[in-house]
Every structure is written in C-alpha cells, then in structure tokens.
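# Tertiary structure, described
The residues making up each chain are set out below.
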Number of protein chains: 2
Amino acid sequence: MNELLERIRQDGKNLGNGILKVDGFINHQVDPALMDACGKELASRFANVGATKVLTAEISGIAPALTTARYLNLPVVYARKTKPITMPDQVFLTLAPSHTKGRMVELIISPEYLAGHEKILIIDDFLASGATIMGLVRLAQTAGATVVGVGTLIEKTFEGGREMLRPLGIPVQSLVCITSMDKGQVQFGECG
Amino acid sequence: MNELLERIRQDGKNLGNGILKVDGFINHQVDPALMDACGKELASRFANVGATKVLTAEISGIAPALTTARYLNLPVVYARKTKPITMPDQVFLTLAPSHTKGRMVELIISPEYLAGHEKILIIDDFLASGATIMGLVRLAQTAGATVVGVGTLIEKTFEGGREMLRPLGIPVQSLVCITSMDKGQVQFGECG
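Described below are features of the structure shown in this document. Just so we're clear, the structure is a prediction, and the values are computed from it rather than from any experiment.

Attention shifts here to the sheet that holds strand 5 (residues 76-79) of chain B. One open sheet holds the 7 strands; their spatial order is 3(A)-5(B)-4(B)-8(B)-9(B)-10(B)-11(B), and the pairing between them is mixed. The open sheet is flanked by strand 3 (29-30) of chain A together with strand 11 (187-188) of chain B, the only strands paired with a single partner. As defined by bridge partners, strand 10 (residues 172-180) of chain B adjoins strand 11 of chain B across 2 bridges and the pair is classed as antiparallel. Bridged to B:Ile178 within strand 11 of chain B is B:Phe188. The strands touched by helix 3 (residues 62-72) of chain B are strand 3 of chain A together with strand 4 (53-57), strand 5, strand 8 (119-127) and strand 9 (146-156) of chain B; relative to strand 8 of chain B, the strand with the most contacts, the crossing angle is about 140°.

The structure is reproduced here in structure tokens:
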C-alpha cells in the first residue's frame, strides 16, 4: 500500500536489531487519516472471508484493528496484557514473547467476548516472528472459534512470521513488506 | 449523548465501588460505529478551541481519541505506561494513581511528539477523580504546551474530577454523566 510505504520511507527509522521506529504515525503518535486508509484497505482485502469479529492485541494493534473493524462493520476485541478488575476470574490466557519488551507477556481475553461460533479476523500493526499473532490464534482456538485471516500493516519478511502462520491455511495480508533491515537500510519488497 | 447513554443502560454493569463495567463496547470489546459517533460528537464540541493535537493515555483512551482526532483532522498521541525501546532516553514522565489498578502508573510521552507550541485537546474514556487527566495536563505543561480542552465519554460526577479540572479554566465536555452508582444503580444526570 503506497501511502503507508511512503510514510515509512519518510518518517520510519531503522534502530538496528530489526527494530523499526514508526512511533510518529503508528504506535505513539498516530495519524488517524493514515490509519483510516489502512483499515479501509485491510477491510477490502478481507471482505469475503466471513469474519464475525476482529481480534487484536493491545496496545499498538488497537488503531488499525479499530479502523478495519469499522469498515467491516464488526466488533473488535483487543486482548489485554494485564487483567482489569472488570474482567471475570475465568479468562482465556496465553503467553507470547514480546520482541520489543524482551520478555513474555500475557494475552488475556474475557470469554464473554470470544465465543465458539465466531469467525475471527486477526489484525495487528506488525507481522515479525508471528509470536504475538500465534498467541491470538491460540486464544481463538481455545475458545473454539475459527481464525479466518490475518492482516497487518507492516511485515518483516525476514523474521519468518508468514512461515509460522502457513500451516493454518488462511489468508495472510500485509500492507507493506520489508525484506531487509541490514546495514541500517529499510528494503521494501514482495510479501511472498 | 443518547446513543452512548442507551448503550450503557443496556450493556453497562455496576460492579460496586464505583466501577462501571463497559468492556463490551468501550474497553475490551469495542463497538467501532459507536466510537465513531462519539468521536464525531466530541470533535463537534471542540471544533473551535484551536487544538493542534489530541492527547490521551493508553489503553482505553485510544479508541475515542482516535475517532475524535480523525474528525478534527489532527494527530493523536497516546501516553505510554511503559517506555518502549523505540523511545529516546529523555522523556516526559509523570505518575498518576490508577483507580482500576489500585497503584500508581507512569504516563510517558516522547518529547518528539509534544512541543511547546502545541494546543492540546485531552480525550479519555472516563472522567472520574481526574487523576489520569491531570497527569496528562502536567505532561503537556511540562512540555510548555497549552491544554485547550478535556473531553470524555463518561463522567462520574460524584468522584470530583470536574472540580479538580476547574482551576484550568478550560472547557470540559463529557458525553454521558453518571451522578450516582449507589445501591447497584446507575443514575444519569446533568454534567454540571
């Protein structure tokens, strides 16, 4: 998606170790018009998968998941990383390694909002190793729900997330694919 | 705002101790169409305050702040509660007591996205004691920015947040005001 790619080219920064700084328009400061355009595009790519709910992980997945869900006219659920007191004692919980935090984080969903009949479209900001998204897949499967697609804003193809998701046999769509971040560069390419 | 009030009447739950459970449509599962309508309404109420940026706190402020910012055509910044590795070492940081967590939380903003010339509109899901919002006010003031308004989805008038904000001399708007949660009830009323 050209609009997002150009923005990464202009404002993204390669911080080394595979870390792409996009906190000027995605995950600290957010450009609402850009997020709206990304949501519209993701919604169009998943218009025919029969999703009944969008699922993401707090925090930085919320903006793209919300705009995608708006265009698909679906509710969105974001997995919490700490259990709020408003949540029942019995929850769906899984652990996923966080690349940017360097430790395991919990992903928690209330059974009130994840039922066995749901068809789940997972939306997140990044597809890197796929660890967070596989955590969301496990939560959906534990609830008996079916994952029907995975959409992300930015995929780092060199971290293997797409291969990890392949056995699921579902469509995986990323708006921009980065094929290399070696030597301080950011190289864009095919999503594969 | 009638649409939000009716939704709280229908799906909100008084959990006692002033805790209103709205995680079926605001802060775990989110209704994107409702958030869009709330953002549109907040944007119209603050159309003339000259805001240059919307500020909120992760996590549950993100959805209403994003939709409000979209209608005002402004960027939105959400204060982080843990410092990501993409943030510089020098940050704006303040502490605010969290009602739902029962402890102090950090609110952190990168100086890259909060400059002295900005006119800040603060948007959050709840106005209760005003502690989180006052934390955001302190961050904005530390940066030399000016806070020009505070807008929230739901105000609990009996927790005194509006009085805490009064010395700032800025408009405070809430879409729905709850005047009492005694005896398991949820009473709606004037925002005062």
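All names here are of chain B. Counting buried residues in strand 10 gives 7 out of 9 residues, a clear majority hidden from the surface. Alignment of strand 9 against strand 10, held across 6 bridges, turns out to be parallel. Bridge pairing links Glu-155 to Cys-177 in strand 10. Linking strand 10 back to strand 11 in an antiparallel pair, the connection comprises 6 residues, with Lys-183 at a positive phi of about 55°.

Together, A:Leu93, A:Leu95 and A:Met104 make up an exposed nonpolar region whose accessible area comes to about 280 Å². Tracing the sequence through the fold places A:Met104 in strand 7 (residues 103-109).

Quick look at the pattern of salt bridges now. A side chain with one charge may pair with a side chain of the opposite charge, provided their charged atoms come close. Residues and elements named next belong to chain A. Under the defined criterion, the tally for this structure stands at 24 salt bridges over all chains. One salt bridge in this structure joins Glu-6 and Arg-9, with 3.6 Å as the shortest N-O distance. Here Arg-9 and Glu-6 lie together in helix 1 (residues 2-11), a separation of 3 residues that amounts to about one turn. On the basis of relative accessible area, Glu-6 is assigned to the partly exposed category, the value being 37%. Linking Lys-21 and Asp-23 is a salt bridge whose minimum nitrogen-to-oxygen distance equals 3.1 Å. For Asp-23, a relative accessible area of 3% gives the class buried. Salt bridges linked by common partners bring Arg-7, Asp-11 and Asp-31 together as one network.

What follows concerns the sheet that holds strand 10 (residues 172-180) of chain A. One open sheet accounts for 7 strands, arranged 11(A)-10(A)-9(A)-8(A)-4(A)-5(A)-3(B); its pairing is mixed. The open sheet has two edge strands with one neighbour each: strand 11 (187-188) of chain A together with strand 3 (29-30) of chain B. Inspection of the sheet shows strand 4 (residues 53-57) of chain A paired to strand 8 (residues 119-127) of chain A by 3 bridges, in the parallel sense. The residue bridging A:Val54 from the neighbouring strand is A:Leu121, located in strand 8 of chain A. Across the sheet, helix 1 of chain A lies against strand 9 (146-156), strand 10 and strand 11 of chain A, angled at about 30° from strand 10 of chain A, the strand it touches most.

Further remarks concern the packing of aromatic side chains. Enumeration over the complete set of coordinates arrives at 0 aromatic pairs over all chains. Positioned above the aromatic ring of B:Phe126 is the side chain of B:Lys156, whose terminal nitrogen or guanidinium carbon lies 5.6 Å from the ring centre.

Let's shift gears to the nonpolar core. Judged by nonpolar contacts, the single largest core of 72 residues is most densely connected at A:Leu4, A:Leu153, A:Ile154, B:Leu4, B:Leu153 and B:Ile154. Residues in contact with A:Leu153, not counting those within four places in the same chain, are A:Leu4, A:Ile26, A:Met35, A:Cys38, A:Leu42, A:Pro64, A:Asp124, A:Asp125, A:Ser174, A:Leu175 and A:Val176.

Another point: the interface of chain A and chain B. In this assembly, 43 residues from chain A lie in contact with 43 residues from chain B. Roughly 3,500 Å² of surface becomes buried between chain A and chain B when both sides are summed, with 61% attributable to carbon and sulfur atoms. Contact with chain B buries surface across chain A, with A:His28, A:Ile59 and A:Thr86 losing the most and accounting together for 20% of the total. At the boundary of chain A and chain B, one finds 4 salt bridges. Taken together, chain A and chain B are joined by 22 residue pairs in polar contact (both at pLDDT 80 or more). Elements with a minimum of two residues in the side of chain A that touches chain B: strand 2 (20-21), strand 3, helix 2 (32-45), helix 3 (62-72), strand 5 (76-79) and strand 7 of chain A. When residues in the side of chain A that touches chain B are grouped by element, the largest group, 6 residues, is from helix 3 of chain A. Counted by class, the side of chain A that touches chain B contains 24 nonpolar, 10 polar and 9 charged residues. Bridge analysis of strand 5 of chain A against strand 3 of chain B gives 2 bridges, and the strand direction is antiparallel. Residue pairing for strand 3 of chain B: A:Val77 is matched across the bridge by B:Gln29.

The rules behind these values
Residues numbered from 1 in each chain as written. Chains lettered and ligands numbered in written order. Predicted model: local features only at pLDDT ≥ 70, side-chain atom pairs only at ≥ 80, totals over all residues. Heavy atoms only, no water. Pairing = 2+ DSSP bridges. Helix = DSSP H or I, 4+ residues; strand = E, 2+ residues; numbered from the N terminus. Contact = heavy atoms within 4.5 Å. Axes fitted to C-alpha atoms, helices over the stretch in contact; angles between N-to-C directions. Buried < 20%, exposed > 50% of the residue type's maximum accessible area, 1.4 Å probe, protein only. Patch = residues over 30% accessible without salt bridge, like charges linked within 9 Å, V, L, I, M, F, W, Y side chains within 5 Å. Areas by Shrake-Rupley, 256 points an atom, 1.4 Å probe, with all protein chains shown as cover. Salt bridge = Lys/Arg side-chain N within 4 Å of Asp/Glu carboxyl O. Phe/Tyr/Trp six-rings, centres within 6.5 Å; stacked < 30°, edge-to-face > 60°. Lys NZ or Arg CZ within 6 Å of the ring centre and 35° of its normal. Core = buried A, V, L, I, M, F, W, Y, C linked by side-chain atoms within 4.5 Å. Buried area = accessible area lost by both parts, 1.4 Å probe. Polar contact = N/O pair within 3.5 Å; in protein donor to acceptor, adjacent residues only side chain to side chain. Nonpolar A, V, L, I, M, F, W, Y, C, P; charged D, E, K, R; others polar.

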